[in-house]
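A structural walkthrough
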Amino acid sequence: MKGARLVVESILREGIHTLFGYPGGAIMPVYDALVGSGLRHILVRHEQAAVHAAEGYARASGKAGVVLVTSGPGATNIVTGLADAMMDSIPVVAITGQVATNLIGTDAFQEVDAFGMTLPIVKHSFLASRPEKLAEQLWLSFRIATSGRQGPVHVDLPKDVTLSDCPEGPLPSWRPRGGFDGSGLDAAARLLSEAKRPLLYAGGGVHQADAVREFRALARKLQAPVVCTLKGLGALPSRHPLLLGMMGMHGTARANRALRECDLLVAVGARFDDRATGKLSEFAPGAKVIHLDVDPAEIGKLRRPDASVVGHLRESLPALAESAEPGGAWRAEPPEPPAEWTLDSPCPRDVLQAIDADLVTTDVGQHQMWAAQFLRFEDGMQFMTSGGLGTMGFGLPAAIGAQVARPDARVVCVTGDGSLMMMAHELATVRRYRLPVKIVLLDNRCLGMVRQWQELFFENRESEVDLSDNPDFLELAAVFGIPGRRVTRNVDAADAVAEAMAAPGPFLLHVEIERQAGVWPLVPPGKANHEMLLSKP
Ligand SMILES: Cc1ncc(C[n+]2csc(CCOP(=O)(O)OP(=O)(O)O)c2C)c(N)n1
């Protein structure tokens, strides 16, 4: 079998029937092999979008997302996406074309050292320079991307290999390391029985491991309050009595105060990211720590735990719940009443609380934090946001990939005017594949998050944040055949969201919010979480 055909067959053998990409010279043999293969290719309009779409597809389907691009500029264009998938542990297999093996290192046309360039931002990479190894390398790519702590794998594929005869096997044996290391369980159980004020800290790993049920069972048993990171949101439904809300830079006051008061912190699938912990030396200062994670490299990386359990959360969480006899249950503070929206414009909270969807993606900025604060995280709603890398431009292509994976799901992308413009070309992909994605654009005519920081930390000196000359977004959407509606202060937000959600196809809800609106609370950079500002000083 020619290498190009083997690539296609290897993907189909994984039970994956869709991939995302953009063709070009070095990868043309593989594109040729796609014709009539039964493997569906989604043609995006920029390679970065292919990776974000593959991330959305992965999250929505539970399989790896596959990306196919050419060498040189095709490969350089996927770098941001790979870094994004790496930081958020998303299984993506990215195949880049490469110049023929005899030209590697000669500055050949569209040659770039894609292997070297992506090395620090992928979980693993292969230079597929030997035809007899290709089948094995492709097979391993999928195993590595989807096992343990998931992540992106890069395969750099020289053109001559795609044109060579490649044997289909033999494939190596693969025994994923399952289970967990229970040696820390006794110590963890002892800490739980001694604690008077235990607090559960849910990270994105709870969702990655599909361990929401197991997490909730532990919370129930301990009757311990719960704080979530941005990626952990949804570990408990929004109105659950044990939930204190999001922690960290834009977390709730009571979540951040509970972190200061707890005497035991149980970190579950979380990595002590600085946006969540604030100043690390003052994070949960009086607490012992139990850390549960699939990745041993996370244990002690930023905070040395007093007990740890390494392994799949679906197994380690029930084991801990079984062995734990909770020592103390405490009630953290009740929720604060929601702040009044005094600005003369639609309130993002009203819009976001009206969204009832199966899957919500966001971009990066204020709208992302409002989404985290105000969306109603009910059972079954998936939330996808670029948490680790904070990639503007993530939201729309991620929604595209998710909608491709789940055609009947109600998929919403919450975005900002800066972020949407970074991926506006993907409106063409929405139209081409008639994807019924709903776009909720919170338009403040500026780079709101940066503007807010300039206001607070740079004496209100605005520098390069104005976007008031953006095109009319409804006209822009219309150019791509996408209908929409404007939401101004005279429009009922819930009505407008309902109209968008009821539209049979894609729809853009253009919400004109106040330029000066801020995200509160806010922990100033470098400060401890308890030093949060609750409103504009
Ligand atoms: C690719 C990229 N470039 C720059 C940034 C820095 N950044 C973070 S938030 C932000 C502003 C985002 O503006 P917009 O999408 O309009 O959202 P808003 O904050 O106004 O809701 C910027 C520039 C980033 N996160 N990603």
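Computed from a predicted model, the values in this text were never measured in an experiment.

Rules used in this analysis
Residues numbered from 1 in each chain as written. Predicted model: local features only at pLDDT ≥ 70, side-chain atom pairs only at ≥ 80, totals over all residues. Heavy atoms only, no water. Helix = DSSP H or I, 4+ residues; strand = E, 2+ residues; numbered from the N terminus. Rg over C-alpha atoms; globule rule 2.2 N^0.38 Å. Buried < 20%, exposed > 50% of the residue type's maximum accessible area, 1.4 Å probe, protein only. Contact = heavy atoms within 4.5 Å. Areas by Shrake-Rupley, 256 points an atom, 1.4 Å probe, with all protein chains shown as cover. Lys, Arg positive; Asp, Glu negative; His and termini not counted. Charge placed at Lys NZ, Arg CZ, Asp CG, Glu CD. Near = heavy atom within 4 Å. Polar contact = N/O pair within 3.5 Å; in protein donor to acceptor, adjacent residues only side chain to side chain. Nonpolar A, V, L, I, M, F, W, Y, C, P; charged D, E, K, R; others polar. Pairing = 2+ DSSP bridges. Axes fitted to C-alpha atoms, helices over the stretch in contact; angles between N-to-C directions. Core = buried A, V, L, I, M, F, W, Y, C linked by side-chain atoms within 4.5 Å. Expected span 1.5 Å × (residues − 1). Phe/Tyr/Trp six-rings, centres within 6.5 Å; stacked < 30°, edge-to-face > 60°. Lys NZ or Arg CZ within 6 Å of the ring centre and 35° of its normal.

**Considering the overall build of the chain**
Helix and strand counts for the chain come out as 22 helices and 19 strands. Rg of the C-alpha trace for the chain: 24 Å, near the compact-globule value of 24 Å for 537 residues, within the 12% margin. By principal-axis analysis of the C-alpha atoms, the chain measures approximately 65 × 60 × 40 Å. Taken across its 537 residues, the chain has 57% of its residues classed as buried. Sequence-distant contacts, at least 24 apart, represent 74% of the contacts inside the chain between residues at least 6 apart. When the accessible surface of the chain is totalled, it reaches about 21300 Å², and 51% of it is carbon and sulfur. A distance of 4 Å separates the average location of the 53 positive side-chain charges in the chain from that of its 61 negative side-chain charges.

**Structural notes on the site of the ligand**
Taken together, 17 residues lie around the ligand, and Q366, G390, G418, S419 and G448 are the ones closest in. Between G448 and the ligand, the recorded distance is 2.8 Å, taken from a backbone N or O atom to an oxygen atom. The fraction of the free accessible surface of the ligand (580 Å²) that becomes covered by protein chains is 77%. The set of elements that each furnish at least two residues to the shell around the ligand consists of α16 (366-374), α18 (417-422) and α20 (448-457). Across the shell around the ligand, the residue classes break down as seven nonpolar, nine polar and one charged.

**A look at the sheet that holds strand β3 (residues 65-69)**
Sheet strands pair via backbone hydrogen bonds, and the direction of the pair is either parallel or antiparallel. Pairing is parallel in the open sheet, where six strands are placed in the order β2-β1-β3-β4-β6-β5. On the outer flanks of this sheet lie β2 (40-43) and β5 (124-127), each paired with one strand and no other. Sheet twist, expressed as the mean angle between neighbouring strand axes with direction ignored, is 20 degrees. Bridge analysis of β3 against strand β4 (residues 92-98) gives five bridges, and the strand direction is parallel. By the bridge assignment, V69 is partnered in β4 with T96.

**Some points on the nonpolar core**
Among the nonpolar cores identified, the biggest contains 85 residues, and I11, V67, I95, L134 and L157 are the most heavily contacted of them. It is helix α3 (residues 47-61) that contributes the most residues to this core, eight residues altogether. Look past the residues within four positions of I11 in its chain and what remains in contact with it is I16, L19, L39, V66, I95 and F142. If you look at the next biggest cluster of nonpolar residues, it comprises 69 residues, including L236, L242, L264 and A517.

**Quick notes on the sheet that holds strand β15 (residues 382-384)**
Strand order in the open sheet formed by six strands is β15-β14-β16-β17-β19-β18, and the pairing between neighbours is parallel. On the outer flanks of this sheet lie β15 and β18 (484-487), each paired with one strand and no other. In this sheet, neighbouring strand axes are inclined to one another by 15 degrees on average, regardless of whether the strands run parallel or antiparallel. With four bridges connecting them, β18 and strand β19 (residues 507-512) associate as parallel partners. Across the sheet, residue R485 finds its bridge partner in β19, namely L509. Along the sheet, helix α22 (residues 493-502) makes contact with β16 (411-416), β17 (438-443), β18 and β19, crossing β19 at roughly 160 degrees.

**Considering helix α7 (residues 134-146)**
Over its 13 residues, α7 runs 19 Å from end to end, which matches the ideal 18 Å to within 8%, given 1.5 Å per residue. With ten of 13 residues buried, α7 is to be regarded as a mostly interior element. Residues of α7 that are buried include every one of L134, A135, Q137, L138, L140, S141, F142, R143, I144 and A145, and no others. Its buried side turned inward, α7 meets α1 (3-13), β3, β4, β5, β6 (152-158) and α8 (159-162). Residue G148 follows α7 closely and has a positive phi angle near 55 degrees.

**Some details on the side chain of H250**
When you line up the elements, H250 lands in the loop between β10 (243-246) and α12 (253-261). On the basis of relative accessibility, which here comes to 4%, the residue H250 falls in the buried class. Polar side-chain contacts of H250 include one of 3.0 Å to the backbone oxygen of P521. Not counting chain neighbours up to four residues away, the residues in contact with H250 comprise M369, Q373, M449, V519, P521 and L522.

**Digging into the packing of aromatic side chains**
Under the criterion given, the structure shown has six aromatic pairs. Summarising the aromatic geometry, the rings of Y201 and F272 are spaced 5.2 Å apart at their centres and angled 85 degrees between planes, so their arrangement reads as edge-to-face. Of this pair, Y201 sits in strand β8 (residues 198-202) while F272 sits in the loop between β11 (264-268) and α13 (274-277); the two residues are 71 residues apart in sequence, bridging distant segments of the chain. Each member of the pair, Y201 as well as F272, carries the same accessibility label: buried. Between F377 and F383 the ring centres are 5.1 Å apart and the planes differ by 90 degrees, which places this aromatic pair in the edge-to-face class. Above the plane of the ring of W139 lies R143, whose end atom (NZ or CZ) is 4.1 Å from the centre. For R349, the ring lying beneath its charged end belongs to F374, and the centroid distance is 5.7 Å.

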